[in-house]
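Given next are the chains, with one letter for each unit.
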Amino acid sequence: MGPETTPCDLVTVPARQGLEAVDILRRAADNEPVGPVLHDGACAVLGFLVPPGTAEAWDVPGSACTRTDGRGLRIPAEPPAVGGGWLLPPAAETPVTDPAVLRAALDQAARLIEAADNCR
């Protein structure tokens, strides 16, 4: 399946946590691949594309996972939201981000943000 036909769910997080998570994922020693990442027009929210069915077990505080109810949101060539864009565009070799890897990165990002905010 190419990126334009890959079904997925969408995990949304505040941009600050999402950007930290992207950085964590891209710098990880085990080189876990990062799938497409969307941003809204105001750059307040990031959306990570994950495999369909992820929403059923998603429980990461401060984030939400949109269920596709079997219809399978499909990764388009253009961002699906008007005014939004791709932070990381779709690529055939990494159609989605592994939810377990994303969960760990979001947890680490939340801890880093909390530590930074408490240093003031």
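Right above here is the structure, for reference.
Residues numbered from 1 in each chain as written. Predicted model: local features only at pLDDT ≥ 70, side-chain atom pairs only at ≥ 80, totals over all residues. Heavy atoms only, no water.

Enquirer: How should the packing of helix H1 (residues 15-27) against helix H2 (residues 99-117) be read in this particular structure?
Expert: How two helices pack is summed up by the angle between their axes together with the distance between the axes. Across the interface, H1 lies against H2 with an axial gap of 8 Å and an inter-helix angle of 120 degrees. In this view, H1 runs oblique relative to H2, as classed from their interaxial angle. In this structure, the crossing between H1 and H2 has a hand that is right-handed. Packed against H1, whose contacting residues are Arg16, Gln17, Glu20, Ala21, Ile24 and Leu25, the element H2 presents Val101, Leu102, Ala105, Leu106, Gln108, Ala109, Ala110, Leu112, Ile113, Ala116 and Asp117 at the interface. Classifying every residue of the contact of H1 with H2 gives 12 nonpolar, 2 polar and 3 charged. (Axes fitted to C-alpha atoms, helices over the stretch in contact; angles between N-to-C directions. Helix = DSSP H or I, 4+ residues; strand = E, 2+ residues; numbered from the N terminus. Parallel < 35°, antiparallel > 145°, perpendicular 65-115°, else oblique. Left-handed = near helix turned anticlockwise from the far one by under 90°. Contact = heavy atoms within 4.5 Å. Nonpolar A, V, L, I, M, F, W, Y, C, P; charged D, E, K, R; others polar.)

Enquirer: What's the story with the pattern of salt bridges in this structure? I'm lost.
Expert: Any two side chains of opposite charge can pair, on the condition that their charged atoms come close. By the definition in use, this model includes 3 salt bridges. For the salt bridge of Asp117 with Arg16, the shortest nitrogen-to-oxygen distance reads 2.9 Å. With Asp117 in helix H2 and Arg16 in helix H1, this pair connects stretches of sequence that are 101 residues apart. Overall, Asp117 belongs to the partly exposed group, its relative accessible area being 31%. Between Arg27 and Asp23 there is a salt bridge, and its shortest N-O distance comes to 3.0 Å. One end of the pair, Arg27, and the other, Asp23, are both in helix H1, 4 residues apart, so they sit about a helical turn from each other. Here Asp23 falls in the partly exposed class, since its relative accessible area comes to 34%. (Salt bridge = Lys/Arg side-chain N within 4 Å of Asp/Glu carboxyl O. Buried < 20%, exposed > 50% of the residue type's maximum accessible area, 1.4 Å probe, protein only.)

Enquirer: I'm lost on the environment of His39 in this one. Help?
Expert: Position of His39 relative to the elements: it lies in strand S2 (residues 37-39). It is 9.2 Å that separates the C-alpha atoms of His39 and Leu88, two residues lying 49 residues apart in sequence. Excluding anything up to four places from it in sequence, His39 contacts Val45, Leu46, Gly84, Gly85, Trp86 and Leu87.

Enquirer: Could you clarify how one ought to interpret the nonpolar core in this entry?
Expert: For soluble globular proteins, nonpolar side chains are generally found buried alongside one another. One finds Val11, Leu25, Val37, Phe48, Trp58, Leu102 and Leu106 to be the most contacted residues of the largest nonpolar core, which totals 22 residues. Elements that contribute at least two residues to this core include exactly strand S1 (7-14), H1, strand S3 (45-50) and H2. The residues touching Val37, leaving out its near neighbours within four places in the chain, are Val22, Leu46, Gly47, Phe48, Leu49, Gly85, Trp86, Leu87 and Leu88. Judged by nonpolar contacts, the second largest core, of 5 residues, contains Cys8, Leu10, Leu38 and Trp86. (Core = buried A, V, L, I, M, F, W, Y, C linked by side-chain atoms within 4.5 Å.)

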